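# Structure assessment
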Amino acid sequence: MPERTIDFGKYGAQGIKGHEAVARRLDALADFITSPVTTRRGLVARLQYLTRTPHARTAAQDAGLTVTDRTLKAWLEGTRNPTRQNLARVEAAYYTVRRHNVARYLLARLSRAGRGTRVEIHPLNQSGVRTAYQRVVEFRTLNIRHWEAIIDAWSTGDNQALGDAWIEQIVDLGSQWGQYEYVTNIGFAA
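Summarised in this report is the structure supplied together with it. Values in this document were obtained by computation on a predicted structure and should not be read as measured data. (Residues numbered from 1 in each chain as written. Predicted model: local features only at pLDDT ≥ 70, side-chain atom pairs only at ≥ 80, totals over all residues. Heavy atoms only, no water.)

### Side note on the pairing of strand β3 (residues 140-144)
To keep it simple, the criterion reads: Categorising residues by exposure relies on relative accessible area from a 1.4 Å probe, with only protein chains included: less than 20% of the type maximum marks a residue as buried, more than 50% marks it as exposed, and the intermediate range marks it as partly exposed. Only DSSP runs of H or I covering at least 4 residues are called helices, and only runs of E covering at least 2 are called strands; the numbering of each starts at the N terminus. The rule for pairing is simple: two strands pair if DSSP sees at least two bridges between them.
Where burial is concerned, the two faces of β3 differ: the one with Arg 140, Leu 142 and Ile 144 is buried and the one with Thr 141 and Asn 143 is not. Pairing of strand β2 (residues 117-123) with β3, which is carried by five bridges, proceeds in the antiparallel orientation. The residue of β3 that forms the bridge with Ile 121 is Arg 140.

### With respect to the packing of helix α1 (residues 18-30) against helix α5 (residues 84-111)
Put simply, the rule reads: Lines fitted to C-alpha atoms define the axes, with helix axes restricted to the stretch in contact, and inter-axis angles between N-to-C directions lie between 0 and 180 degrees. Just so you know how the angles are binned, under 35 degrees is roughly parallel, over 145 roughly antiparallel, 65 to 115 roughly perpendicular, and the rest oblique. Here a residue-residue contact requires only that any non-hydrogen atoms of the pair lie within 4.5 Å. Each residue is assigned to one of three groups, with Ala, Val, Leu, Ile, Met, Phe, Trp, Tyr, Cys and Pro labelled nonpolar, Asp, Glu, Lys and Arg labelled charged, and all others, Gly among them, labelled polar.
Orientation of α1 relative to α5, taken along the N-to-C sense of each, is 100°, at an axis distance of 10 Å. Classified by the interaxial angle, the pair formed by α1 and α5 is roughly perpendicular. Every residue of α5 that contacts α1 at Leu 26, Asp 27, Leu 29 and Ala 30 is listed here: Arg 98, Arg 99, Val 102, Leu 106, Arg 109 and Leu 110. In terms of residue class, the contact of α1 with α5 is made up of six nonpolar, no polar and four charged.

### A closer look at helix α4 (residues 69-77)
Inclusion rule: Along the arc lie the directions from the helix axis toward the C-beta atoms.
Those residues of α4 lying buried are Thr 71, Leu 72, Ala 74 and Trp 75. Projected down its long axis, α4 carries its buried residues within an arc of 160°, all on one side. Among the exposed residues of α4, those oriented more than 90 degrees off its buried face are Asp 69, Arg 70 and Lys 73. Where α4 is buried, its residues contact α2 (40-51), α3 (54-62) and α5. Where α4 ends, the next residue or the one after it, Gly 78, has phi of about 85°, a positive value.

Right under this line is the structure:
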């Protein structure tokens, strides 16, 4: 789309893409384990989450955690420590499985039986932009009723689809939708 910002930050504006802000907010709602995977507590919590049921174990294997039962047992008992690469695999598998597990709940929570959720869009930070190049971009709110594509893209980790789904939802802002492709924050109370 020709309206999308091509040279973002050229004059000193700061922000992140709107779909990245939405992904961060959804991650916060997913309530991940806060202890880092590099600590014993964080590792054990993630491994227990990934291995507590046969369904979780299968999902973890599909997400890339392919270690033997013997190795998992040694990690849980603390007799062996995973390598840095295996810690990254555990973390990636945990995020993938957790997102998949909470996606249906978040969809119901955000859709609210068709009523949707009020979303606050905090515009990009223009404090570093010279006055002559600043544009008026105000704080906006809109009600998003169709979360299916956003939640689906977020749960599968597809950034391109998430970006497209987000842009499709903010087109409701009229001719100003292109000004909100980059933001400082997205907020919603779900």
